[in-house]
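Fold and geometry: a report
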Amino acid sequence: MEEIDSHSGSFHEEKGFLVVDGALDSSDTFDVKMLLNNQISGLLPLQIQYIDNQCIYRYMTGEKISLAGLLSHRKLQFKEAYQLWKDIFHSCSICGEYLLQPEHLLLYPEYIYWSSQTKSFSICYFPGREEKLEVQIKRLCEFLLTVTDHQDRLGRKFIYDWYDRLMGRGFYLSELEQYLKSYRDSEGCGCRESRTEKRSEKDPIEYSLKKDFCKEADREVIKRKKEPVDEKTKRRVSEVKEVYDRRERSEESRKSCFQGAGERTYYLKNVSKYPEALSQFLLSEGTLSVGRAPGCDMVLVGGQVSWHHARIEVEEDQVFVTDTGSAHGVFLNRKRLIKEHPVLCRAGDIIGFADITYLLCTG
């Protein structure tokens, strides 16, 4: 395990512990006292030892495994990626509750630990080093881009969309919270809530109406053969039905809008200095190959275009482009892409295959 820097001490793992030898003795600081005297959810518990007047930090990891170790033999899945960012948000938030500094969190793959029992991550809080949280967040996200399972569509979308937000807006804890909420009901994230429960929490009036409706319905079954339903009950049932009819119409409208958005078509428009290249190319659903090879879906004749240059994937109203090992590169808005890493593109982006460039359009 590599050292973070020469002033922070030497990090290594022992059975059940992450150990820091030669750490700066910060036992009198508020941070360390808080860690020693509290079991803080989401942070690794800390012990301090002194051997030959040397301060040693010992973080209890137990049976946990580091994120780097977890991903050393396999790829990151959506469920784990979601849990990771959820636990990072929790750790940053709880620092505020205990008057700790989020900049002292070590958001390195080697110092984030996964528990197979609780299915959650714990983070090392190290007062001996401070680094801007935004810098650590971006670096961690860039690492996750390289270890995400690109066959897992939801996981890939989750990581790439979050990275895209970071690059465009910077890091804000509230932004991460909203982003996690947008994925909370996604299949497989392990934290789905029932739609009825969510509506009940957000709309207590509707919840009350629903309970009244159920009570009146039960009473109606009992009284059906004995006496007619009074006018008050009829009005109440009518009111409740109207509420749910409006809800259903709203849901149908939302689904209709979503389906309409899903039917959006994309195409590439030639904006390069080579008019002999394809002037326009329609992107159909699925995976499309780009290159000089006659068998490619999009054949580009150019001296710098490789035989098999790139791959374009269109799925669920999203377009990803991948450099499949080209000699002269694939570019998104003049920035060269890392090979074999799909990147999300948006309408208006300029995509370059070597020196032939296209504008991504929709319509």
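Residues numbered from 1 in each chain as written. Predicted model: local features only at pLDDT ≥ 70, side-chain atom pairs only at ≥ 80, totals over all residues. Heavy atoms only, no water.

**Remarks on the environment of L46**
Note the cut-off: Each helix corresponds to a stretch of at least 4 residues labelled H or I by DSSP, and each strand to a stretch of at least 2 residues labelled E; elements are numbered beginning at the N terminus. A contact between two residues is defined here by any heavy atoms of the two lying within 4.5 Å.
Inspection of the secondary structure assignment puts L46 in strand β3 (residues 46–51). With residues up to four places along the chain from it excluded, the contact list for L46 reads V32, L35, L36, Y57, R58 and Y59.

**Description of the sheet that holds strand β13 (residues 310–315)**
Two strands in a sheet stick together by hydrogen bonds in their backbones, pointing the same way (parallel) or opposite ways (antiparallel). We apply this condition: Strands are labelled as partners when DSSP assigns at least two bridges between them.
Strand order across the open sheet formed by 5 strands is β12-β11-β13-β14-β17, with mixed pairing between neighbours. Strand pairing shows two members of the sheet lacking a second neighbour, β12 (298–299) and β17 (343–345), which therefore form its edges. Alignment of strand β14 (residues 318–323) against β17, held across 3 bridges, turns out to be antiparallel. Paired with V321 across the strands is V343, a residue of β17.

**Notes on helix α5 (residues 153–169)**
Just so we agree on the cut-off: Between the first and last residue of a helix there are one fewer steps than residues, each counted as 1.5 Å, and that sum is the expected span. Between buried and exposed lies partly exposed: a residue is buried under 20% and exposed over 50% of the maximum accessible area for its type, with that area taken using a 1.4 Å probe on protein chains only.
The end-to-end C-alpha distance of α5 is 24 Å, a good match for the 24 Å that 17 residues give at a rise of 1.5 Å each. Within α5 the residues assigned to the buried category are G155, R156, F158, I159, Y160, D161, W162 and L166. On its buried side, α5 packs onto α3 (78–97), α4 (133–147), α6 (173–183), β13, β14 and β17. Positive backbone phi, at 85°, marks G170, one or two positions downstream of α5.

**Side note on the pattern of salt bridges**
Pairing between side chains becomes possible if they bear opposite charge and their charged atoms approach one another. Put simply, the test is: Every case where a carboxyl oxygen of Asp or Glu lies within 4 Å of a side-chain nitrogen of Lys or Arg is listed as a salt bridge.
This model, assessed by the stated rule, comprises 13 salt bridges. Two residues, E131 and R139, come together in a salt bridge whose shortest N-O distance is 2.9 Å. For K138, the salt bridge identified is with E134, shortest N-O distance 3.2 Å. Residue K138 and its partner E134 are both found in helix α4; the two are separated by 4 residues, about one turn of the helix. Residue classification places K138 among the partly exposed positions, given a relative accessible area of 23%. Judged by its relative accessible area of 31%, E134 falls in the partly exposed class. Among the ionic contacts, a cluster of salt bridges with common partners joins R153, R156, R311, E313 and E315.

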